[in-house]
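# Structure assessment
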Amino acid sequence: MQLPTRLLALALTTLPLCAQTAPEPAPIRLEPIRVTADLWAAPLARIPASVTVYDAAALRAGAVRHFGDLVDQIPNLTWSGGTSRPRYLQIRGLGENSQFEGETPDSAVRFLIDDLDFTGLGTIGGTFDVQQVEVLRGPQAGAFGANAAGGVVRLVTNAPTPYWSGQAEATVGGDALVTGSLAVGGPLVAAQPEELMLRVAVSQGTSNGFRRNLTLNRDTNARDEFTARLRLTWNPNKLWRWEAALLAADFANGYDEFALDNNGRSTYSDQPGADTQRSLATSLRGTWRGWDGVRLTTVTSAARTRSRYAYDDDWTAASYMGFSDLHRLRWVVNEELRLDSETAAGAISRWTLGAFYSGIDESTRYTDTDPGNIRGLKTAYRSANTALFGQLGHDFSPRTRLVAGLRLERIDMTGDGTKTRYRAARGIFDPVVVIRPAFADTLVGGKLTLEHDLSDHGLAFASITRGYKAGGINIDARIDINADPLTYGTETLWNYEAGLRGHWADQRLTGEFTAFCLQRRNTQVRDSAGFGGNYRFFTDNGDGSRVYGLEAAAACSLAKDWSVRGSLAFMRSELAAFTLANGNTGGGRGLANTPRYGYTLATRYGAERGFFASAELVGRARQFDSNNQNEARRAFRVVNATLGHAGRAWTFTLWAKNLLNEAYDKRVYFFGNAAPGFIEARYEDRADPLQIGATAAYRF
């Protein structure tokens, strides 16, 4: 705790220096950043919530290529490894850390690319041609309901423009990294440039995945990632505006990261795995302004994803042998229809009324093959969410406002799981086991926020939110139906927040601070039982839990070309001891995915053109990966740096990730996987080591 405490002291002593003794350069005037992931889009400086935003300039300055490059820098956002890219996210301890065979596609952190829903599928979170990355912390009951109990992550890509512009980018680096990207867009009707506009972005990248398989003498953890995006904007008349998007992604990544000796660099699997994702998604947003003072918006989106997740059960060629292979097909369809006031008077200063539908249809096919058996598991999962929501604002005075929101949501789930087993040695099949659980519930959430303008450049807010994490079904037919639950109940959450944000000294100093307390009732707990490659997975309800802490961030322009920024987060959590219906116990300690502290301290020197340099220190405390075992990831401190030159159109950047080659974990397991005794042991999946590279970018 000494290092983050010193950083906090340094920040507190530096902020007055920034505000009072900094030189007097010309005021810095930038276009205000707007946060779009909230129900009401608002400038970052005016949003009454705990939020982190990285704009395009910040992404370029940090040589960010994927959302995974940012996750450790964002206060109280955590992620779980065990995949080729960060896919499973948690905010303030809320969120899933896996989706193995039999686990349903529940999620507490919504992941969006524009209007496209990739919740639980964050593998494709590339950041080329992205305008900004937004992370909203805390239950987003009004805007997103059941799938945003922890918060929302949204990547906003560059929209089409009425003039031609674009960028090309190439990167080479350690781990055999090679990427090439191109984006271009502009008007399709020269005489009416704003009538029909287009933007296309394509990116392709390959790398070796920081592992070498010594058994097969090849790179079995390599990445091969392709993404293409198309955005169209059509303004047929003064009343209508249509925005369409199409995204295609093919991530053909290997997966081979664990070894029995935890060496972190070499693997020994004789049957290396895969982590692939092929997605095709589209959305259509229409906005109509034909009514006086009222705006009608319709947003339709659909996404189809085929994925494969496979791995060598024993991680070696010299043990019990087994290969797990999971194929998944997921369809997601969303529709939102809403009315927003554009002018209002009287007691209600602003209002929104809307309806929402979401349908998920997912089927999986899993086999676990060893010399004597072929174990099979097939699942089907279907869910339908229908919601009505509304939000209104009331101005007590020009400086004080109250915002109230309410959401009523109905969720219906059905599913089935089928277990098979073929005993190859005897040539016989075991009896087939089939389960068909179902669950339905009506959920109510809402938010009450009080905002007060301290001055023209400061905002204070306090809020109470009732969120929920919908109950669900267990479709792993390997569970013991006499002890393990077929369904589990809805978890409710009460989130209390108070915060400040503002800017001073002609916007050379900006800062925000949020304190929160999150009370969870009927806490959902994902659990498993088994050993080696033979496990069963299920979710049940424990007892209550609590998470409380703070999130703070500040940025300061010390001189015309020199700036510093930092963030600091603290969390404390308590999970009450519990005993599940099957006798499994847990709790009595802190929650998983709640590190006690996290921090970022960064500085950048350089003008818009000319030489520039930056460095950042990122740190996190230790954290548990699971609520049913007590092994924790180690604390870490990572240094990243860039050095480059920016011209009128060209930018050249030399960058280093994990400059000091810190060895730390991105996932920890504790189970028995070494034959013949299968004694429980700690197994670690290491985060990426030192990587140095260079990027050339041309913008026009």
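Above this text sits the structure in question.
Throughout what follows, the structure given in this document is the object of discussion.

### What about the layout of surface pockets?
There is about 1,100 Å³ of room inside the second largest pocket. Lining the second largest pocket are 50 residues; nearest its centre among them are Ser-528, Ser-626, Asn-628, Arg-667 and Tyr-669. Within the residue set of the lining of the second largest pocket, elements represented by two or more residues are strand E18 (294-312), strand E31 (524-531), strand E32 (534-541) and strand E43 (665-672). In the lining of the second largest pocket, the residues fall into 17 nonpolar, 19 polar and 14 charged.

### Quick look at the packing of aromatic side chains
All chains considered together, the criterion is met by 21 aromatic pairs. Between Trp-288 and Trp-291, the aromatic rings sit 4.9 Å apart at their centres with planes inclined by 80°, giving edge-to-face as the arrangement. Under the relative-accessibility criterion, Trp-288 is labelled buried at 19%. On the basis of relative accessible area, Trp-291 is assigned to the partly exposed category, the value being 45%. Taken together, the aromatic side chains of Phe-100, Tyr-255, Tyr-309, Tyr-311 and Phe-537 make up a single cluster linked through ring pairs. One cation-aromatic arrangement involves Arg-92 over Phe-516; the distance from NZ or CZ to the ring centre is 3.9 Å.

### Describing the environment of Lys-469
Structurally, the position occupied by Lys-469 is in strand E26 (residues 458-469). In this structure, the C-alpha to C-alpha distance between Lys-469 and Asn-522, residues 53 residues apart in sequence, is 9.8 Å. Beyond its immediate stretch of four places on either side in the chain, Lys-469 contacts Leu-94, Glu-96, Ala-108, Ala-146, Ala-149, Thr-490, Glu-491, Leu-493 and Gln-524. Here Gln-524 takes part through its side chain, which lies 2.8 Å from a polar atom of the side chain of Lys-469.

### Concerning the nonpolar core
In terms of nonpolar packing, the biggest core is built from 28 residues, with Phe-67, Leu-70, Leu-89, Phe-111, Phe-118, Val-133 and Val-153 touching the most fellow members. Residue contacts for Phe-67: discarding those within four places in its chain leaves Ile-74, Leu-77, Leu-89, Phe-111, Gly-125, Thr-127, Val-133, Val-135, Val-153 and Leu-155. Tyr-366, Ile-479, Leu-580 and Leu-591 belong to the second-largest nonpolar core, a separate cluster that totals 20 residues.

### Thoughts on the sheet that holds strand E9 (residues 151-157)
Strand order in the open sheet made by the 5 strands is E3-E8-E9-E6-E7, with mixed pairing throughout. The sheet terminates laterally at strand E3 (51-55) and strand E7 (116-117), the two strands that pair on one side only. Here 5 bridges tie strand E6 (residues 109-113) to E9, and the two strands are oriented parallel to one another. Across the sheet, the residue bridging to Val-109 is Gly-151, located in E9.

### Here's the deal with the pairing of strand E4 (residues 77-80)
Taking every second residue as pointing to the same face, both faces of E4 are buried, with Leu-77 and Trp-79 on one and Thr-78 and Ser-80 on the other. Here 4 bridges tie E4 to strand E5 (residues 88-91), and the two strands are oriented antiparallel to one another. Pairing of Ser-80 across the sheet is with Tyr-88, part of E5.

### Overview of the pattern of salt bridges
Scanning the entire structure with this criterion turns up 54 salt bridges. The closest approach of N and O atoms between Asp-340 and Arg-295, which form a salt bridge, is 3.8 Å. Here Asp-340, found in strand E19 (residues 323-341), pairs with Arg-295, found in strand E18; they are 45 residues apart in sequence, far enough to count as distant. Notably, a salt bridge pairs Arg-667 with Asp-625, separated by 3.8 Å at the nearest N-O pair.

### Some remarks on the pairing of strand E15 (residues 240-255)
As paired strands, strand E14 (residues 223-234) and E15 are joined by 10 bridges and run antiparallel to one another. Among the inter-strand pairings, Arg-229 is bridged to a residue of E15, identified as Leu-247. Hairpin remark: E14 followed by E15, antiparallel, with 5 residues in the connecting loop.

### Considerations on a nonpolar patch on the surface
Taken together, the side chains of Trp-164, Val-184, Leu-188, Leu-232, Trp-650, Phe-652, Tyr-698 and Phe-700 present a nonpolar region at the surface, about 770 Å² in accessible area. A residue is classified by how much of its surface remains accessible, and Tyr-698, at 30% relative accessible area, is partly exposed.

### Observations regarding unusual backbone geometry
The peptide bond linking Ala-675 to Pro-676 adopts the cis configuration, its omega dihedral lying at 5°. Among the structural elements, Pro-676 can be located in the loop between E43 and strand E44 (680-686). One non-glycine residue, Ala-63, lies in positive phi territory at about 50°. For Ala-63, the position within the fold is in the loop between helix H2 (56-61) and E4. With a relative accessible area of 12%, Ala-63 lands in the buried category. In this model, Asp-175 sits at a positive phi of 65°, which is unusual for a non-glycine residue. Among the structural elements, Asp-175 can be located in the loop between strand E10 (165-173) and strand E11 (177-187).

### Side note on the side chain of Asp-313
As for its position among the elements, Asp-313 is in the loop between E18 and E19. In this structure Asp-313 is buried but unpaired, with Arg-375 as the nearest side chain of opposite charge at 6.9 Å.

What counts, and at which threshold
Residues numbered from 1 in each chain as written. Predicted model: local features only at pLDDT ≥ 70, side-chain atom pairs only at ≥ 80, totals over all residues. Heavy atoms only, no water. 1 Å grid on protein atoms, 1.4 Å probe; cavity = no way out; pocket = protein on both sides within 12 Å on 5 of 7 lines; lining within 4 Å. Points joined across faces, edges and corners; volume = space filled by probe spheres on them. Helix = DSSP H or I, 4+ residues; strand = E, 2+ residues; numbered from the N terminus. Nonpolar A, V, L, I, M, F, W, Y, C, P; charged D, E, K, R; others polar. Phe/Tyr/Trp six-rings, centres within 6.5 Å; stacked < 30°, edge-to-face > 60°. Buried < 20%, exposed > 50% of the residue type's maximum accessible area, 1.4 Å probe, protein only. Lys NZ or Arg CZ within 6 Å of the ring centre and 35° of its normal. Contact = heavy atoms within 4.5 Å. Polar contact = N/O pair within 3.5 Å; in protein donor to acceptor, adjacent residues only side chain to side chain. Core = buried A, V, L, I, M, F, W, Y, C linked by side-chain atoms within 4.5 Å. Pairing = 2+ DSSP bridges. Salt bridge = Lys/Arg side-chain N within 4 Å of Asp/Glu carboxyl O. Patch = residues over 30% accessible without salt bridge, like charges linked within 9 Å, V, L, I, M, F, W, Y side chains within 5 Å. Areas by Shrake-Rupley, 256 points an atom, 1.4 Å probe, with all protein chains shown as cover. Lys, Arg positive; Asp, Glu negative; His and termini not counted.

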